[in-house]
2 protein chains.
Amino acid sequence: MRDIKLSESQPKQRLLAAAEQLFAEKGFESVAVRDVTQLAKANVAAVNYHFGSRDRLVALVVARYLAPFNQERLDRLDVLERRAPSKVVPIEEIIHALIRPLVGMVGKTELSEALFCKLLGRILALPEEALSAEVVEQMKVSNNRFMRAIGKVLPTVPQEDLQWRMHFLVGSLVHLLTHQDWLRSLSNGTSGSPALEVMLGRFVRFAAAGLREGVEIEVSAPTGPQALFDF
Amino acid sequence: MRDIKLSESQPKQRLLAAAEQLFAEKGFESVAVRDVTQLAKANVAAVNYHFGSRDRLVALVVARYLAPFNQERLDRLDVLERRAPSKVVPIEEIIHALIRPLVGMVGKTELSEALFCKLLGRILALPEEALSAEVVEQMKVSNNRFMRAIGKVLPTVPQEDLQWRMHFLVGSLVHLLTHQDWLRSLSNGTSGSPALEVMLGRFVRFAAAGLREGVEIEVSAPTGPQALFDF
DNA sequence: GTCTATAAAGTGATAGAC
DNA sequence: GTCTATCACTTTATAGAC
């Protein structure tokens with residue numbers, strides 16, 4: 001599990017990459033400053049010099065992933081709604097807007113796909129108190145926009161039910177990202193760890209069905225929802 | 001958040017109750033032995049004397065909740081299958097067998113309902129390496145039994161898909177139990193924290209729809225699935 | 001910017017008196 | 001069983017030399 005790029009000559013970048021890898025592997029609470037500096041082959045004091053404190057390093061990593069994630073979510077939702085100003089946007093496409101940003105982000109990271117997933121799962125599972133006020137606000141804005149969009153597609157479902165179902169959806173996503181070990185173990189290796197793309201495909205079908213529960217018109221779900229969206 | 005019963009005269013019971021409360025509130029990794037002894041009004045050495053070590057205390061708490069939880073899950077599934085040996089068991093009732101044990105357990109604990117939920121959510125979100133071999137085996141047995149039962153109700157869904165959907169289901173449950181703070185915050189207080197019963201009702205509908213995704217016959221879902229089951 | 005040295009507080013665990 | 005005292009170690013952070 002040593003996939004830090006030591007080619008990064010700047011110590012600050014090395015420290016950041018090392019921190020992200022370790023946070024992904026062991027969680028934010030279980031990583032000591034010394035673990036980071038050791039993996040980054042930097043000095044013990046380097047984290048405090050470059051980032052101020054351990055807490056500020058954590059906050060930086062969280063914001064560095066959460067901000068663009070939420071931004072691209074909103075951008076994708078904008079595209080969807082602009083494309084169909086009057087028509088309702090299919091629920092599958094809304095869910096895609098909610099999760100596909102992961103695929104774009106994994107390409108830009110130094111982390112392996114598996115570690116990137118774990119890191120984002122851990123970030124999305126943080127309690128509200130662990131996040132800065134700005135990040136919490138971002139989460140609320142994103143949630144509000146998506147809740148309104150989903151409310152338009154499923155007008156017969158009470159808003160409170162939708163809020164709960166969104167909560168369940170996030171839980172499924174977090175678990176998918178963070179705990180693939182259990183899936184492999186429980187299925188006796190039958191269900192391996194496929195590419196992120198494939199996992200998200202399964203996820204969309206599950207989540208769409210859950211959100212739509214109780215809505216009579218089930219005809220709007222073609223077998224290949226991805227085909228409706230040009231990535 | 002101080003709801004430890006100091007009436008428990010036995011120090012060992014006080015320590016256990018204090019540990020459970022703190023683990024629920026802050027997570028297993030963020031609780032020091034000294035936090036536990038302090039809340040239990042016991043000596044610093046008490047945890048090591050009564051439980052051997054911090055790790056053994058954690059393992060005890062985990063096993064104390066996970067073992068009866070899994071056991072009652074299996075018992076309930078037995079009842080369902082014995083009741084309908086030839087007929088298929090509705091998916092809603094299988095999910096009920098999977099989650100209703102929580103309701104019975106919350107009554108037997110000294111913890112408040114909110115803390116009980118958090119504790120069980122944290123336990124269900126532990127990585128496999130953090131669990132003893134026995135507990136892992138229990139989880140596998142339970143999973144296999146339920147996977148077979150669900151496979152019988154949804155024979156047209158490939159087993160691998162069902163395994164993934166079960167994984168999503170567990171994620172939703174963990175999130176529901178552990179992160180209600182986000183739900184309250186994101187809904188601007190609209191979606192409060194109702195009784196466990198109500199939350200599980202919402203959960204069953206969401207999870208059942210997700211598991212059933214793609215199965216044509218959608219007629220078998222009455223509006224009140226709870227009414228089919230006599231608790 | 002990078003290093004060593006060290007501070008100051010916290011960690012789990014234990015020996016030994018009572 | 002319960003307590004105090006303490007060990008051996010780790011933690012984050014910083015002062016000051018280079």
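Reading guide: rules and limits
Residues numbered from 1 in each chain as written. Chains lettered and ligands numbered in written order. Predicted model: local features only at pLDDT ≥ 70, side-chain atom pairs only at ≥ 80, totals over all residues. Heavy atoms only, no water. Helix = DSSP H or I, 4+ residues; strand = E, 2+ residues; numbered from the N terminus. Rg over C-alpha atoms; globule rule 2.2 N^0.38 Å. Buried < 20%, exposed > 50% of the residue type's maximum accessible area, 1.4 Å probe, protein only. Contact = heavy atoms within 4.5 Å. Expected span 1.5 Å × (residues − 1). Salt bridge = Lys/Arg side-chain N within 4 Å of Asp/Glu carboxyl O. Phe/Tyr/Trp six-rings, centres within 6.5 Å; stacked < 30°, edge-to-face > 60°. Axes fitted to C-alpha atoms, helices over the stretch in contact; angles between N-to-C directions. Parallel < 35°, antiparallel > 145°, perpendicular 65-115°, else oblique. Left-handed = near helix turned anticlockwise from the far one by under 90°. Nonpolar A, V, L, I, M, F, W, Y, C, P; charged D, E, K, R; others polar. Near = heavy atom within 4 Å. Polar contact = N/O pair within 3.5 Å; in protein donor to acceptor, adjacent residues only side chain to side chain. Buried area = accessible area lost by both parts, 1.4 Å probe. Least-squares fit on C-alpha atoms with pLDDT ≥ 70 in both.

Engineer: Could you clarify how one ought to interpret the overall build of chain A in this entry?
Structural biologist: Helix and strand counts for chain A come out as eleven helices and zero strands. Scanning chain A from its N terminus toward the C terminus, one meets helices and strands in the order α-α-α-α-α-α-α-α-α-α-α. For 231 residues, the compact-globule estimate of 2.2 N^0.38 gives 17 Å, and the C-alpha radius of gyration of chain A, at 19 Å, lies within 12% of that figure. Along the three orthogonal principal directions, the C-alpha set of chain A runs to about 60 × 40 × 30 Å. Here chain A holds 231 residues, and 53% of them are scored as buried. Here the analysis covers contacts within chain A between residues at least 6 apart in sequence; of these, 71% occur between residues at least 24 apart.

Engineer: How should helix H9 (residues 159-178) of chain A be read in this particular structure?
Structural biologist: Note that an α-helix has 3.6 residues per turn; residues three or four places apart therefore point the same way. Compared with an ideal rise of 1.5 Å per residue, which puts 20 residues at 28 Å, H9 of chain A spans 29 Å between its outermost C-alpha atoms and is within 8% of the ideal. The buried count for H9 of chain A comes to 17 of 20 residues, which makes it a mostly enclosed element.

Engineer: How should I be thinking about the pattern of salt bridges in this particular structure?
Structural biologist: Side chains carrying opposite charge are able to pair once their charged atoms draw close together. Residues and elements named next belong to chain B. Taken as a whole, this structure holds 24 salt bridges over all chains when the rule is applied. Residue Glu197 pairs with Arg100 through a salt bridge whose shortest N-O separation is 3.0 Å. Of this pair, Glu197 sits in helix H11 (residues 196-211) while Arg100 sits in the loop between helix H5 (91-99) and helix H6 (101-108), and the two are 97 residues apart along the sequence. A relative accessible area of 10% places Arg100 in the buried class.

Engineer: How should I be thinking about the packing of aromatic side chains in this particular structure?
Structural biologist: For any pair of aromatic rings, the description consists of the separation of the ring centres together with the inter-plane angle of the planes. Throughout the structure, instances matching the rule amount to eleven aromatic pairs over all chains. Taking 6.1 Å as the distance between ring centres and 50° as the angle between the ring planes, the aromatic pair formed by Trp164 of chain B and Phe168 of chain B counts as tilted. Here Trp164 of chain B pairs with Phe168 of chain B, and both are found in helix H9 (residues 159-178), just four residues apart, close to one helical turn. An identical accessibility class is assigned to Trp164 of chain B and Phe168 of chain B; each is buried. Among the aromatic residues, those joined into a cluster by ring pairs are Trp164, Phe168, Phe203 and Phe206 of chain A together with Trp164, Phe168, Phe203 and Phe206 of chain B.

Engineer: Just to check I follow, could you spell out the packing of H6 of chain B against helix H7 (residues 113-124) of chain B for this structure?
Structural biologist: Two quantities define a packed helix pair, namely the angle between the helix axes and the distance between the axes. All names here are of chain B. Viewed as axis vectors pointing N to C, H6 and H7 meet at an angle of 125°, and their least axial separation amounts to 10 Å. It follows from the interaxial angle that H6 and H7 lie oblique. Where H6 crosses over H7, the handedness of that crossing is right-handed. Taking contact as the criterion, the partners of Leu102, Met105 and Val106 in H6 are, on H7, Glu113, Phe116 and Leu120. When the residues that make up the contact of H6 with H7 are grouped by side-chain class, the tally is five nonpolar, no polar and one charged.

Engineer: Whenever I open this one, the protein's contact with DNA strand C confuses me. Can you help?
Structural biologist: Lining the immediate environment of DNA strand C, one finds 13 residues, of which Pro11, Asn43 and His50 of chain A together with Val33 and Arg54 of chain B sit closest. If you look at DNA strand C and keep only atoms within 4 Å of the protein, 61% of those are sugar or phosphate atoms. Contact between DNA strand C and His50 of chain A: a phosphate oxygen at 3.0 Å from a side-chain N or O atom of the residue. For DNA strand C, a phosphate oxygen lies 2.8 Å from a polar atom in the backbone of Arg54 of chain B. Elements with a contribution of two residues or more to the surface near DNA strand C: helix H3 (46-51) of chain A together with helix H2 (33-39) of chain B. A per-class count over the surface near DNA strand C returns seven nonpolar, four polar and two charged.

Engineer: For this particular structure, what's the right way to read the interface of chain B and chain A?
Structural biologist: With 51 residues of chain B in contact, the opposing surface of chain A contributes 51 residues. Of the roughly 4700 Å² buried between chain B and chain A, counting both surfaces, carbon and sulfur atoms make up 63%. The interface formed by chain B and chain A includes eight salt bridges. Residues Arg202 of chain B and Asp161 of chain A are paired through a salt bridge, measuring 3.4 Å at the closest nitrogen-oxygen approach. On the surface where chain B and chain A come into contact, there are 19 residue pairs in polar contact (both at pLDDT 80 or more). Those elements giving two or more residues to the side of chain B that touches chain A turn out to be helix H8 (133-153), H9, helix H10 (180-186) and H11 of chain B. When residues of the side of chain B that touches chain A are assigned to their parent elements, the largest contribution, 14 residues, is made by H9 of chain B. The class makeup of the residues in the side of chain B that touches chain A is 23 nonpolar, 17 polar and eleven charged.

Engineer: I keep staring at the protein's contact with DNA strand D and nothing clicks. Help me out?
Structural biologist: Close contacts around DNA strand D come from 14 residues, with Arg34 and Arg54 of chain A together with Pro11, Asn43 and His50 of chain B the closest. The sugar-phosphate portion of DNA strand D accounts for 54% of its atoms within 4 Å of the protein, the bases making up the rest. Arg34 of chain A places a side-chain nitrogen or oxygen 3.3 Å from a base oxygen of DNA strand D. A distance of 3.2 Å is found between a phosphate oxygen of DNA strand D and a side-chain nitrogen or oxygen belonging to Asn48 of chain A. Breaking the surface near DNA strand D down by element, the ones donating at least two residues are helix H2 (33-39) of chain A together with helix H3 (46-51) of chain B. Its residues assigned to classes, the surface near DNA strand D shows seven nonpolar, four polar and three charged.

Engineer: Which parts of the structure should I look at to understand the relation of the copies chain B and chain A?
Structural biologist: In this structure, two copies of a chain are linked by a rotation about an axis accompanied by a shift along it. By a simple turn and slide, chain B fits onto chain A: the slide is 0.0 Å along the axis, the RMSD is 0.0 Å, and the turn is 180°. On this basis, the relationship between the two copies can be described by a two-fold rotation axis.

Engineer: I keep staring at helix H5 (residues 91-99) of chain A and nothing clicks. Help me out?
Structural biologist: Residues and elements named next belong to chain A. When you tally the buried positions in H5, you get nine out of nine residues, the bulk of the element. Considered for burial, the residues of H5 that qualify are Ile91, Glu92, Glu93, Ile94, Ile95, His96, Ala97, Leu98 and Ile99. Each element contacted by the buried residues of H5 is listed here: helix H4 (54-83), helix H6 (101-108), helix H8 (133-153), H9 and helix H11 (196-212).

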